[in-house]
Amino acid sequence: MLLIEDLLLEDGKDMKRRNRWIFAGLIPFAIMIAAFQLAPILSMLTGSVKAEKGAGFTLEYYTRVLTSDYYLKAIKNSLMISVTSSIAGIVIGLLCAYSITRFAPRVRDRLLMLSNMTSNFAGVPLAFAYIILLGSNGVFTLLFKQWGWDVFASFDLYSWTGLILVYIYFQIPLALLLLYPSYYGIREQWKEAASLLGASNWQFWRTVGIPVLMPAVFGTIGILFANAMGAYATAYALVGGNYNLLAIRIGSLVAGNVINEPQLGNVLAVILALTTLLAVYLNHKMTQRNQLFQSGPASVSARKHRKRLRLWAPVVKEEL
Amino acid sequence: MENVKKAGWTHRVVVTVLMVYLLLPLLATFLYAFAKEWQATILPERWTLEWFSQLFGDVRFLDALWKSFYLCAISVALSLVVMLPAVFVITVYFPKWESFMKGIVVLPYAVPGVVAAVGLIRAYSQGPINIAGTAYILIGAYFIVILPYMYQGIRNSLLTVSAVDLLHSAELLGATQTRAFINVILPNIWPGIITSTLLSFSVLFGEFVLTNMLVGGHIQTIQVYLYQRLGESGHLASAIAISYFLFILALSMILMKLGQKMNRGIEG
């Protein structure tokens, strides 16, 4: 930097030109951000508190949403499905990620590649695949009927159980992707040290392993939760407007043809954004925590694994 | 944990079950796309390529494919043109602003597509800039969707090639700022940028929420087309889903190869 400053001092005109050039590089970026990121958020916020007639401030729409059984049910359903699918995703993810670490490196890479490949399979195509398998004329549905397996007779893909099943499906690859590297934060030496000191395998995991994994687990829960709360395409393709979920309600309030009450849509959107912001903030805090554990040369292997994964993942949402 | 070579049978079972679970829907879609009919048997009884020939003979499909392709290409190109100079300026001249930039760039992750669509529709369906339902609003929305990927990609490449040092050297040798950027920095960061470009492209190709809510009635992308044909013929829809998936897969393969090449280049 010193050199640049010397050059600048030599020629004042040059400096002006340079500065102009520098700021010119930022202007298009600032315009795009203002127009398509900040303006919509602001518009949504003002839209949720602006009276329909005149320019007054009102909380009418908030009270309407928060006293309506229908919308409260949508919020509750969304929270339930997100919490359930996140917890299921994290439990399955933790177990499977650990199993994957026990394989030889070549196999490990293949397995992760396959898992990441399936994370491309989300939204409308995913919903469709489940309709083929388990829909009312699905391959398995008909097979089970033919074989007389009554256990599945009451299963309905277009209901709560069906939705949960599909949500868990798209949570697992993401959970694997985010959790897998954190196992490499647990060093083999710690295990050896623990067993030298007489700790059993279970004791090691209880007192060292699990506490070290905890920040990654909570951080991942945040991401999974936000992912499920915001998921729209899968549910929309599967149940259309029939199931009462927050994201679906917002969609039909704003762009639907039947009832068109954009103000309520704004309020619901603000509520949804608040929950996902909170979840992503949790992830951010936890990643900071994680770095405490994984500072120093030991984290090189963890970082390397993370880096390798990052190249693959279309949905890497960590560490930003 | 690096020295484990042989996995125990519990781990084998766990991983096998996981893979079956993850790959089953994909496999079913794949088989369905080639099946003449498939009812109440484990595997289809007769096979056909009819659905694919029908699909590729459908003008609407080719049209949707083309629309997806050019909308994604325009958005990614726009993002490149806007982000390259901006990230360069921030990284090289204003490193102090980086945490602020990170805050801006992380927002699209925290704001779900459905929320962004609500804001965009309200901001642009009335008033001086009325672009609701047009390609412009979609391209703007796409720009924001790929913001994190483009920022990360460009910034990482700038840091790996030590852009600041390169720039100083070029200037010492008498190059002007613009010249140094175009002749020295750009060729060096190009491989990294291609990676994030392809990644952004594949992300946009799979975008449904914003597309459907912002322009669903007017512009049919491949995802919207797939959604609309879901109800008509299951086999045809599988053929669409599989074609789409294979395309994304090919893109990811290229991405991975590029990534490996880059890593090797950096490490040795």
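Residues numbered from 1 in each chain as written. Chains lettered and ligands numbered in written order. Predicted model: local features only at pLDDT ≥ 70, side-chain atom pairs only at ≥ 80, totals over all residues. Heavy atoms only, no water.

### Focus: the overall build of chain A
No. 1: Looking only at helices and strands, one finds 14 helices and zero strands in chain A.
No. 2: Ordered by position from N to C terminus, the α and β elements of chain A give α-α-α-α-α-α-α-α-α-α-α-α-α-α.
No. 3: Considering only intrachain contacts with a sequence separation of at least 6, the fraction spanning at least 24 residues in chain A is 70%.
No. 4: Here chain A displays about 15000 Å² of accessible surface, and carbon together with sulfur accounts for 66% of that area. (Helix = DSSP H or I, 4+ residues; strand = E, 2+ residues; numbered from the N terminus. Contact = heavy atoms within 4.5 Å. Areas by Shrake-Rupley, 256 points an atom, 1.4 Å probe, with all protein chains shown as cover.)

### With respect to the overall build of chain B
No. 1: When helices and strands are tallied, chain B shows 12 helices and two strands.
No. 2: The dimensions of chain B, computed from C-alpha atoms along their principal axes, are 75 × 65 × 30 Å.
No. 3: Across the 268 residues of chain B, 56% fall into the buried class.
No. 4: When contacts within chain B are restricted to residue pairs at least 6 apart in sequence, those whose partners lie at least 24 apart make up 71%.
No. 5: Here chain B carries 16 positive and 12 negative side-chain charges, and the mean point of each set is 5 Å from the other. (Buried < 20%, exposed > 50% of the residue type's maximum accessible area, 1.4 Å probe, protein only. Lys, Arg positive; Asp, Glu negative; His and termini not counted. Charge placed at Lys NZ, Arg CZ, Asp CG, Glu CD.)

### Quick look at the UniProt feature "domain: ABC transmembrane type-1" (unreviewed entry) in chain B
No. 1: The residues that UniProt annotates with the feature "domain: ABC transmembrane type-1" (unreviewed entry) are residues 65-255 of chain B.
No. 2: Between the first and last C-alpha atoms of residues 65-255 of chain B the distance is 21 Å; the span itself is 81% helix and 0% strand. (UniProt positions renumbered as here; feature names shortened; annotations may be inferred.)

### Considerations on the packing of aromatic side chains
Residues and elements named next belong to chain A.
No. 1: In this structure the tally under the stated criterion is 31 aromatic pairs over all chains.
No. 2: A centroid spacing of 5.7 Å and a plane angle of 10 degrees characterise the contact between Phe140 and Phe144, whose relative ring orientation is stacked. Note that Phe140 and Phe144 are positioned in helix H7 (residues 139-147) at a spacing of four residues, about one turn of the helix.
No. 3: On the accessibility criterion, Phe140 (26% relative accessible area) is partly exposed.
No. 4: Overall, the relative accessible area of 13% leaves Phe144 in the buried class. (Phe/Tyr/Trp six-rings, centres within 6.5 Å; stacked < 30°, edge-to-face > 60°.)

### What about the interface of chain B and chain A?
No. 1: Tallying the contact residues gives 98 residues for chain B and 96 residues for chain A.
No. 2: Between chain B and chain A, the buried area comes to about 8800 Å², and carbon and sulfur atoms account for 77% of it.
No. 3: Linking chain B to chain A there are zero salt bridges.
No. 4: For the pair chain B and chain A, the interface holds eight residue pairs in polar contact (both at pLDDT 80 or more). (Buried area = accessible area lost by both parts, 1.4 Å probe. Salt bridge = Lys/Arg side-chain N within 4 Å of Asp/Glu carboxyl O. Polar contact = N/O pair within 3.5 Å; in protein donor to acceptor, adjacent residues only side chain to side chain.)

### Here we look at helix H6 (residues 135-145) of chain B
It helps to recall that an α-helix has 3.6 residues per turn; residues three or four apart then point in one direction.
No. 1: By the criterion of burial, H6 of chain B is predominantly enclosed, with eight of the 11 residues buried.
No. 2: The set of residues buried in H6 of chain B consists of Ile137, Leu138, Ile139, Gly140, Ala141, Tyr142, Phe143 and Ile144 of chain B.

### Side note on the UniProt feature "transmembrane region" (unreviewed entry) in chain B
Residue and element names in this part refer to chain B.
No. 1: In the numbering used here, UniProt assigns the "transmembrane region" (unreviewed entry) feature to residues 12-35, 68-94, 106-125, 131-151, 189-215 and 235-256.
No. 2: As annotated, residues 12-35 has a helix share of 96% and a strand share of 4%, and its two end C-alpha atoms lie 32 Å apart.
No. 3: For residues 189-215, helix accounts for 89% and strand for 0%, while the C-alpha atoms at its two ends are 35 Å apart.

### Remarks on the pattern of salt bridges
Residue and element names in this part refer to chain B.
No. 1: Using the criterion set out here, one finds four salt bridges over all chains in the structure.
No. 2: A salt bridge links Asp63 to Lys67; its shortest N-O distance comes to 3.1 Å. One end of the pair is Asp63 and the other is Lys67, both in helix H3 (residues 59-93) and four residues apart, which spans about a single turn.
No. 3: Overall, Asp63 belongs to the partly exposed group, its relative accessible area being 35%.
No. 4: Assessed through its relative accessible area of 22%, Lys67 is described here as partly exposed.
No. 5: Of the charged contacts in the structure, one is a salt bridge between Glu98 and Arg155, with a shortest N-O distance of 3.1 Å. Note that Glu98 is positioned in helix H4 (residues 98-110) and Arg155 in helix H7 (residues 147-160), a separation of 57 residues in sequence.

### Details of the nonpolar core
No. 1: If you look at the biggest cluster of nonpolar residues, it comprises 189 residues, and the most contacted ones within it are Tyr167 of chain A together with Met83, Phe88, Val114 and Leu214 of chain B.
No. 2: Shared between two domains, this core holds at least three residues of each, these being domain 1 (1-48) and domain 2 (59-267) of chain B. (Core = buried A, V, L, I, M, F, W, Y, C linked by side-chain atoms within 4.5 Å. Domains from an automatic or database assignment.)

### Description of the environment of Ile104 of chain B
No. 1: Looking at the element boundaries, Ile104 of chain B is found in helix H4.
No. 2: C-alpha separation for the pair Ile104 of chain B and Met253 of chain B, spaced 149 residues apart in sequence, amounts to 30 Å.
No. 3: Discounting residues that sit within four places of it in the chain, Ile104 of chain B has contacts with Ile33 and Gln37 of chain A together with Leu147 of chain B.

### Notes on the domain arrangement of chain B
Residue and element names in this part refer to chain B.
No. 1: We note that the domain assignment places domain 1 (1-48) and domain 2 (59-267) within chain B.
No. 2: Remark: the boundary between domain 1 and domain 2 carries zero salt bridges.
No. 3: Viewed at the interface, domain 2 and domain 1 are joined by two residue pairs in polar contact (both at pLDDT 80 or more).
No. 4: Elements with a contribution of two residues or more to the side of domain 1 that touches domain 2: helix H1 (9-34) and strand S1 (35-37).
No. 5: Taken together, the residues of the side of domain 1 that touches domain 2 sort by class into five nonpolar, one polar and two charged. (Nonpolar A, V, L, I, M, F, W, Y, C, P; charged D, E, K, R; others polar.)

### Comments concerning the packing of helix H5 (residues 105-119) of chain A against H1 of chain B
A packed helix pair is summarised by two numbers, namely the angle formed by the two axes and the spacing between the axes.
No. 1: Where H5 of chain A contacts H1 of chain B, the two axes come as close as 10 Å, and the packing angle between them is 35 degrees. Handedness of the H5 of chain A/H1 of chain B crossing: left-handed. Only Val15, Met19, Leu22, Leu23 and Leu26 of chain B of H1 of chain B make contact with H5 of chain A, whose side of the interface consists of Leu111, Leu114, Ser115, Met117 and Thr118 of chain A.
No. 2: Of the residues assigned to the contact of H5 of chain A with H1 of chain B, the class counts are eight nonpolar, two polar and no charged. (Axes fitted to C-alpha atoms, helices over the stretch in contact; angles between N-to-C directions. Left-handed = near helix turned anticlockwise from the far one by under 90°.)

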